[in-house]
Amino acid sequence: MLGSGLGARQLFVANAAGSLRSDTFPGDLMLISDRSPLIGEATDKRFVNLVDAYGPDMRARLIEVARGVGVDLKSGVYAWYSVPNFETPAEIHTLHILGADAVGMSTVPEVILGQFLGLEWVAVSAITNMGAGMGDEVISHEHTKAMAPIGAQNLEQLIRGFLRGRGEG
Ligand code: HPA
């Protein structure tokens with residue numbers, strides 16, 4: 001295990017994402033169980049094994065924390081698509097067929113690098129909107145920033161609970 005230059009061994013990542021599921025809505029939190037392997041560009045850190053990149057032990061611990069603090073934590077596959085634009089409805093439809101549950105513009109490059117460094121990760125998406133074409137809302141960066149705080153209180157509880165479990169909360 002290489003670890004980061006700062007000595008970190010574990011990372012807790014959060015992002016804003018659009019939901020592709022009819023049971024996951026703005027304000028919900030989704031624990032990322034995997035990324036879609038079909039989406040995204042190669043980085044210069046090639047040939048990184050991504051099986052269990054989203055640390056199963058940390059995920060299991062976070063699910064336990066969510067139960068303990070009473071936060072409804074969904075779980076699903078996060079797809080990283082083209083950046084920095086939002087998707088077209090056709091792209092959302094395609095991602096859904098490929099098995100993605102949420103879509104966003106971050107996290108996947110960080111996870112690939114984290115895996116390269118031997119870090120253990122856990123990542124949570126704060127759902128800010130339904131994917132393009134799935135709802136009536138007009139998706140924009142402003143909309144994302146306005147909606148992200150809805151899940152923030154639950155996310156704070158999760159992070160505090162998680163750190164408490166490590167004796168740091
Ligand atoms: N697509 C991509 N990134 C996002 C979205 C979305 O619908 N919502 C928040 N970040």
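What you see is a predicted model, and the numbers here were worked out from it, not measured in a lab. (Residues numbered from 1 in each chain as written. Predicted model: local features only at pLDDT ≥ 70, side-chain atom pairs only at ≥ 80, totals over all residues. Heavy atoms only, no water.)

Caption draft 1: Focus on the packing of aromatic side chains. Counting across every chain of the model gives one aromatic pair. Measuring from centroid to centroid gives 5.6 Å for F12 and F162, while their planes differ by 80°, and the two rings are edge-to-face. With F12 in strand β1 (residues 10-19) and F162 in helix α4 (residues 141-165), the pair connects residues that are 150 residues apart, well separated along the chain. You can call F12 partly exposed: its relative accessible area is 25%. By relative accessible area, F162 is classed as buried at 4%. Sitting over the ring of F162, R61 keeps its end group 4.4 Å from the ring centre. (Phe/Tyr/Trp six-rings, centres within 6.5 Å; stacked < 30°, edge-to-face > 60°. Helix = DSSP H or I, 4+ residues; strand = E, 2+ residues; numbered from the N terminus. Buried < 20%, exposed > 50% of the residue type's maximum accessible area, 1.4 Å probe, protein only. Lys NZ or Arg CZ within 6 Å of the ring centre and 35° of its normal.)

Caption draft 2: Broad picture of the site of the ligand. Taken together, the neighbourhood of the ligand is formed by A16, A17, G18, F86, E87, V103, G104, M105, T128, N129 and T144. Between a nitrogen atom of the ligand and a side-chain N or O atom of E87, the distance comes to 2.8 Å. For the ligand, a nitrogen atom lies 2.7 Å from a polar atom in the side chain of N129. Taken by itself the ligand offers 260 Å² of open surface, and the protein chains cover 96% of this. With respect to the detected pockets, the ligand is housed in the largest pocket. Residue assignment for the shell around the ligand shows that the elements contributing at least two residues are β1, β4 (102-104) and β5 (120-130). Per element, the largest residue contribution to the shell around the ligand is three residues, and it comes from β1. Tallied by class, residues from the shell around the ligand come to five nonpolar, five polar and one charged. (Near = heavy atom within 4 Å. Polar contact = N/O pair within 3.5 Å; in protein donor to acceptor, adjacent residues only side chain to side chain. Areas by Shrake-Rupley, 256 points an atom, 1.4 Å probe, with all protein chains shown as cover. 1 Å grid on protein atoms, 1.4 Å probe; cavity = no way out; pocket = protein on both sides within 12 Å on 5 of 7 lines; lining within 4 Å. Sits in = over half its atoms within 2 Å of the grid points. Nonpolar A, V, L, I, M, F, W, Y, C, P; charged D, E, K, R; others polar.)

Caption draft 3: Representation of helix α1 (residues 56-69) within the structure. End to end, α1 covers 20 Å across 14 residues, agreeing with the expected 20 Å (1.5 Å per residue, within 8%). Among all positions in α1, only M58, R59, L62, V65 and A66 are buried. Around the axis of α1, the buried residues are gathered within 120° of arc, so they sit on the same side. Facing away from the buried side of α1 by more than 90 degrees, the exposed set consists of D57, E64, R67 and G68. Residue G70 follows α1 closely and has a positive phi angle near 75°. (Expected span 1.5 Å × (residues − 1). Arc of directions from axis to C-beta.)

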